[in-house]
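# Understanding the architecture of this molecule
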Amino acid sequence: MRKAWLAERAQSAMRRASETNSEPDLDAAVRLLRRLHRATAHTDDGRTSLALSHFLLQRYELSGRKDDLDESIALLETVCERSDLPPALRPMAFHELGTVLMRRHEASGADGDLRDAEAALRQAVSLHPPGDLRDQATDVLGVVLRMRFDRWGGVDVLEEAVAMGRRAVAPSGGVGSDRFSALNNLAVTLRIRNEHVGRLADLDEAVALGREALSVIAPGHPRLPSVRFNLGQALRLRAARTAPGPRSEQDLGEAVELLLSAAATLPPGSPERSRASAGLATAYRERFDHTGDEIALEAAVRWTRDALTRSAGGRADRYAMLSDLGMALGARFRLRGSTQDLWDALEALQEAASALPDDHAAKPLVLAESGMLLWELHQRTGDRATLDDSVLVQSRALRLMPPQSPEVPGRRSNLGLALRTRGIRTGSIEDLDAAVREGKAAAEAEPRGSRRRPMVLSVLAGSHWARFGSNGERADLDDTIGAAEESVAGRSAADPGRAEALRTLGAALAARAGLAGNEHDRCRDLNQAVTVLREAAGTEGTAARLLVDSARRWGETAAALQDWEDAVEGFRTAVGALPTLAWPGIVRADQERLLAENDSLAQDAAAAALRARAPETALCLLEQGRGVIWSHLLDAEVARAEIGRLRQTPEGAELADRLEAIRQEMDTLDPLGPAGRPSAHVSDTVG
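For the pair helix α15 (residues 318-336) and helix α16 (residues 339-354), the least separation of the axes is 8 Å and the interaxial angle reads 160°. Comparing their axes, α16 and α15 come out roughly antiparallel. As α15 packs across α16, the resulting crossing turns out to be left-handed. For the pair formed by α15 and α16, the contact residues are Tyr319, Leu322, Ser323, Leu325, Gly326, Leu329, Gly330, Arg332 and Phe333 on the first element and Thr339, Asp341, Leu342, Asp344, Ala345, Ala348, Leu349, Glu351 and Ala352 on the second. The residue makeup of the contact of α15 with α16, split by class, is 10 nonpolar, 4 polar and 4 charged.

This is the structure in structure tokens:
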């Protein structure tokens with residue numbers, strides 16, 4: 001009698017939990033099923049164990065309680081080992097066991113769980129009769145094979161995962177009310193294949209499947225946030241893989257909306273919540289890459305930290321969140337120059353790399369980004385060992401990366417940048433040759449029209465320019481101009497990397513003018529050089545060092561044409577940018593070093609002004625050039641006086657104390673302090 005009463009109450013609780021998917025109702029179902037399981041320990045044919053394991057898994061997916069997974073697996077392993085299990089229950093037991101083992105692998109990264117999940121699901125597929133249940137098991141097996149590819153690679157495994165997904169969504173079969181799940185899972189697998197093989201058609205199909213999944217899933221279904229998340233990821237990646245334009249902007253905007261919706265609607269304790277936050281962070285970082293919008297970059301950092309906070313306690317994909325944080329902080333460092341961001345980015349990436357074995361598919365990407373940040377650190381410190389480490393780490397990343405990966409061209413370009421830097425520093429023609437070789441290979445492999453191609457070409461142009469400076473060969477000069485012109489042509493006016501390509505193009509055109517065999521060719525190249533250097537110096541948001549260099553070359557090139565008024569304008573722009581170059585947020589030694597690199601700028605500017613018959617302008621430019629640090633000191637004195645006056649007011653005392661603390665911190669920063677800015681210009685890097 002008691003068993004019948006328990007069974008009736010358990011059935012009622014299961015129905016309610018299935019309808020509401022609320023944690024209290026799931027708790028009630030689990031509690032009653034546990035009691036029923038104990039009461040029927042010697043008579044249960046396995047149905048109660050299967051029901052209990054199912055609701056334990058459902059509660060885990062809502063709350064993230066890992067002990068629910070362990071209990072579910074223990075129950076299912078016992079059921080699967082039973083020789084007296086009814087034939088109709090055996091495929092269901094293996095099916096459920098494979099699913100729960102897959103979930104535990106997601107949470108812990110245990111390799112054994114992944115292998116056992118694959119074995120259980122293959123058994124389930126072989127035992128299920130044709131119909132929805134076999135299609136569902138096939139669908140989950142495809143997901144497990146995709147995870148196996150993520151863990152150990154192997155294109156054959158990925159192809160089998162795609163084949164399983166296609167079989168699960170085949171029109172002749174379908175998967176009943178769970179068809180949305182099969183559509184969603186196949187979309188994810190195709191997206192992963194694009195990331196590793198590079199076929200854009202896979203992304204188009206993934207987006208179409210994701211939209212179909214979203215159209216057939218029931219409103220309010222607990223998996224709805226996950227479906228939105230995965231469609232958002234496919235749209236985000238398609239935006240990153242296609243050339244800038246209305247379509248990519250539309251894809252990225254829709255991706256952000258879907259990912260925001262997923263993050264907002266997933267329960268706070270859900271294991272999927274951290275993944276949604278990470279996806280949203282990546283979308284915001286890519287929006288920053290497209291637009292340079294600082295608000296998007298701040299959102300990327302904020303959402304990545306949110307993802308890491310929610311994944312505390314360990315998740316198998318925590319390395320991905322650490323990697324995302326490292327890349328977002330690296331981007332913020334390049335924008336603002338805070339060395340603290342650089343150190344934090346390196347720390348996050350190194351922690352991510354240390355968590356991954358060499359045979360993990362994500363390891364080369366994490367290493368490649370870490371290697372680029374080491375190059376950035378060298379640009380700040382000048383430390384030769386750091387530069388050598390950058391070359392070694394990036395080379396190792398490329399050795400581990402599958403040759404067909406769409407990441408290879410960009411990463412080869414970045415390695416070429418590090419080799420070029422070392423070649424310039426050491427005078428090694430071998431390094432410069434290797435830099436050009438890597439840059440050419442990257443440009444040949446990067447498809448025309450891709451977002452990354454202009455960046456790759458800009459780096460290649462810089463490597464040809466550096467080698468020309470070493471060997472003086474005309475071929476390198478012509479190749480510099482060709483690559484820089486194509487890079488400029490492929491960029492919008494708002495592209496933050498356009499100024500770099502323009503500066504390189506202008507410098508090379510001016511150099512070619514010096515080799516011209518006749519006056520017509522000389523004047524043509526000089527006039528074109530002035531035009532592009534003026535544009536480089538006038539590009540909004542250009543880094544101060546790049547701006548000063550571009551404007552100075554503009555002035556020098558206009559002077560070569562004896563256009564003294566335009567030369568004065570170029571030099572005036574360069575001198576006017578010196579206070580920003582040697583800004584007060586860096587230590588005095590760095591200010592003096594940066595100004596010393598331009599020690600003759602004010603004299604050249606004054607000389608051009610005199611040739612333009614503007615002696616008063618010449619005097620002003622001389623005074624402006626020599627008074628940069630003095631003006632900072634005067635500004636500091638004015639600031640101190642203003643802080644003092646602020647402190648005299650009751651409402652301003654606290655604010656004055658905060659401002660004074662900030663001022664003192666800035667005054668005492670060491671050369672690697674968090675307020676420093678890069679000592680070298682920003683070059684195109686491909687992430």
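There is more to say, and it comes next.
Attention now goes to the packing of aromatic side chains. All told, the structure shown has 1 aromatic pair when counted by the stated rule. Measuring from centroid to centroid gives 5.8 Å for Trp465 and Phe468, while their planes differ by 25°, and the two rings are stacked. Here Phe468 and Trp465 lie together in helix α21 (residues 453-471), a separation of 3 residues that amounts to about one turn. Classification of Trp465 as partly exposed rests on a relative accessible area of 24%. Looking at Phe468, the relative accessible area reads 14%, which means it is buried.

Let us look at the confidence of the model for the chain. Should the pLDDT be low somewhere, the predicted coordinates at that spot are not to be read in detail. Per-residue pLDDT for the chain averages 83, and the proportion of residues at 70 or more is 87%. When the elements of the chain are averaged for pLDDT, helix α31 (residues 628-647) gives the smallest value, 58, and helix α20 (residues 429-445) the largest, 96. Taken together, the stretch residues 172-176 has pLDDT below 50 and engages in 12 contacts with residues farther than four places along the chain or on a different chain. Below a pLDDT of 50 lies the segment residues 665-683, which in the model reaches 55 contacts outside its immediate sequence neighbourhood of four places, other chains included.

Here the structure, examined in full by the defined rule, presents 57 salt bridges. We note a salt bridge from Arg122 to Glu160, for which the minimum N-O separation is 3.1 Å. Of the two residues, Arg122 is situated in helix α6 (residues 111-127) and Glu160 in helix α8 (residues 155-168); the sequence distance between them amounts to 38 residues. Among the ionic pairs, Glu486 bridges to Arg453, the shortest N-O distance being 3.0 Å. Of this pair, Glu486 sits in helix α22 (residues 474-489) while Arg453 sits in helix α21, and the two are 33 residues apart along the sequence.

Definitions and cut-offs
- Residues numbered from 1 in each chain as written.
- Predicted model: local features only at pLDDT ≥ 70, side-chain atom pairs only at ≥ 80, totals over all residues.
- Heavy atoms only, no water.
- Axes fitted to C-alpha atoms, helices over the stretch in contact; angles between N-to-C directions.
- Helix = DSSP H or I, 4+ residues; strand = E, 2+ residues; numbered from the N terminus.
- Parallel < 35°, antiparallel > 145°, perpendicular 65-115°, else oblique.
- Left-handed = near helix turned anticlockwise from the far one by under 90°.
- Contact = heavy atoms within 4.5 Å.
- Nonpolar A, V, L, I, M, F, W, Y, C, P; charged D, E, K, R; others polar.
- Phe/Tyr/Trp six-rings, centres within 6.5 Å; stacked < 30°, edge-to-face > 60°.
- Buried < 20%, exposed > 50% of the residue type's maximum accessible area, 1.4 Å probe, protein only.
- pLDDT = per-residue confidence, 0-100.
- Salt bridge = Lys/Arg side-chain N within 4 Å of Asp/Glu carboxyl O.

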